[in-house]
Amino acid sequence: MKKTKLFLILPLIGMLSCGKAKTEDKASEDNAAAVSVTIKGSDTVLPLAQKEAEDLMKSDKNISVTVVGGGSGVGITALIDGTTDIAMASRDLKTEEKLKFSEAKKEIEEVVIAFDALTVIVNPANGVSKLTREQLEGIFTGAIKNWKEVGGADEKIVAYSRESSSGTYEFFKEEVMGKKNYATDVLSLPATGAIVQAVGQTKGAIGYIGLAYETKEVKQLAVSYDQGKTFVEPSIASAKDKSYPISRPLFYMYDKTNAAKVKSIVDYALSDVGQKTVSDIGYIPLK
């Protein structure tokens, strides 16, 4: 009797084992078929890329996307080194970067996926609500050190900037500071979110961020590029009609030999659904 029971159970164990093996084989096949893409770079582009990656993976189970920030320079360097498939950037390629790509025999495709209105922010308790480009230059180069010099209270200015690997750092230096160097006492922070937090907690602080990062913790300033004749606040509308003077394109960059691998991600970013996400996040769509 005991032998009969043993005989009946053994085939059952064998059947279960075979079934498990088939399941594992199918999972391996599914994993092998999946496309894994890495996106790295700009903290400005980061929230947009993360949201679009999440939505794309929900609609297409065969693709896996990893999105990492760190700055435009970090993403572009990773693209040069071959450690990312797509570089996110909030600025164009520098001459030396183009040379490195050329030396590596890599032809890079730059795709504009959205636009941003670079936003100057201060603490909400600050009485100043507008600044000229010249005043911003003076603050970040160290020529202007007290808020009373630009119509505010008698209080020391605490300026925050992104690190030099940031595309926003480069763009602000070129477009706002006239390519002059940042003052040595400007405090560099590693991420845009950190600037929002620091400015929100420091009464005399000023910084700059991408439009999508603007919150109630900080106050955005109107900016003039005609020496104070006209001041315009950053918004999707003012960036669209080009009345806001500090607007810029946001990029996906990739090696053209890798075009097939990244096609679904780039196509999604440019699609009607992807461009709606651009608006939802707080940036300016292409159309």
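Note that this is a predicted model, so its numbers are computed, not measured.

Calculation rules
- Residues numbered from 1 in each chain as written.
- Predicted model: local features only at pLDDT ≥ 70, side-chain atom pairs only at ≥ 80, totals over all residues.
- Heavy atoms only, no water.
- 1 Å grid on protein atoms, 1.4 Å probe; cavity = no way out; pocket = protein on both sides within 12 Å on 5 of 7 lines; lining within 4 Å.
- Points joined across faces, edges and corners; volume = space filled by probe spheres on them.
- Helix = DSSP H or I, 4+ residues; strand = E, 2+ residues; numbered from the N terminus.
- Nonpolar A, V, L, I, M, F, W, Y, C, P; charged D, E, K, R; others polar.
- Patch = residues over 30% accessible without salt bridge, like charges linked within 9 Å, V, L, I, M, F, W, Y side chains within 5 Å.
- Areas by Shrake-Rupley, 256 points an atom, 1.4 Å probe, with all protein chains shown as cover.
- Salt bridge = Lys/Arg side-chain N within 4 Å of Asp/Glu carboxyl O.
- Polar contact = N/O pair within 3.5 Å; in protein donor to acceptor, adjacent residues only side chain to side chain.
- Contact = heavy atoms within 4.5 Å.
- Pairing = 2+ DSSP bridges.
- Axes fitted to C-alpha atoms, helices over the stretch in contact; angles between N-to-C directions.

Visitor: Sorry, what's going on with empty space enclosed by the protein here?
Guide: The gaps left among the atoms become clear once a water-sized probe is rolled over them. Under the counting rule described, the total for this entry stands at 1 cavity of 30 Å³ or more. Estimates place the volume of the largest cavity at around 50 Å³. Around the largest cavity, the lining residues are Ile39, Ala49, Glu52, Ala53, Leu56, Val65, Tyr252, Ile265, Tyr268 and Ala269. Looking at the lining of the largest cavity, the elements with two or more residues in it are α2 (46-59) and α9 (259-270). Here the lining of the largest cavity gets 4 residues from one element, more than from any other, and that element is α2. Partitioned by chemical class, the residues of the lining of the largest cavity number 9 nonpolar, no polar and 1 charged.

Visitor: What should I look at first to understand a nonpolar patch on the surface in this one?
Guide: On the surface, Phe115, Leu270 and Leu286 cluster together to form a nonpolar patch covering roughly 220 Å² of accessible area. With respect to the secondary-structure elements, Leu286 resides in the segment after α10 (272-281).

Visitor: What is the right way to look at the side chain of Ser90 in this model?
Guide: Along the chain, the position of Ser90 falls in the loop between β3 (86-89) and α4 (95-103). In this structure the side chain of Ser90 is engaged in a polar contact, spanning 3.2 Å, whose partner is the side chain of Arg248. Every residue in contact with Ser90, bar those within four places of it in the chain, is listed here: Ser42, Thr44, Ser72, Gly167, Thr168, Arg248, Pro249 and Leu250.

Visitor: Help me out: how do you make sense of the sheet that holds strand β2 (residues 63-68) in this one?
Guide: Where strands meet in a sheet, backbone hydrogen bonds hold them as pairs that are either parallel or antiparallel. Spatially, 5 strands are ordered β2-β1-β3-β12-β4 in an open sheet, and the strand pairing comes out mixed. Taken across any chain shown, the strands that pair with only one partner, and hence form the sheet edges, are β2 and β4 (108-117). Across the sheet, the mean angle separating the axes of adjacent strands is 20° when strand polarity is ignored. Of the pairings in the sheet, the one linking β4 to strand β12 (residues 247-255) comprises 9 bridges and is antiparallel in character. Counted as the bridge partner of Asp116 is Arg248 from β12.

Geometric values such as these leave the question of function open.
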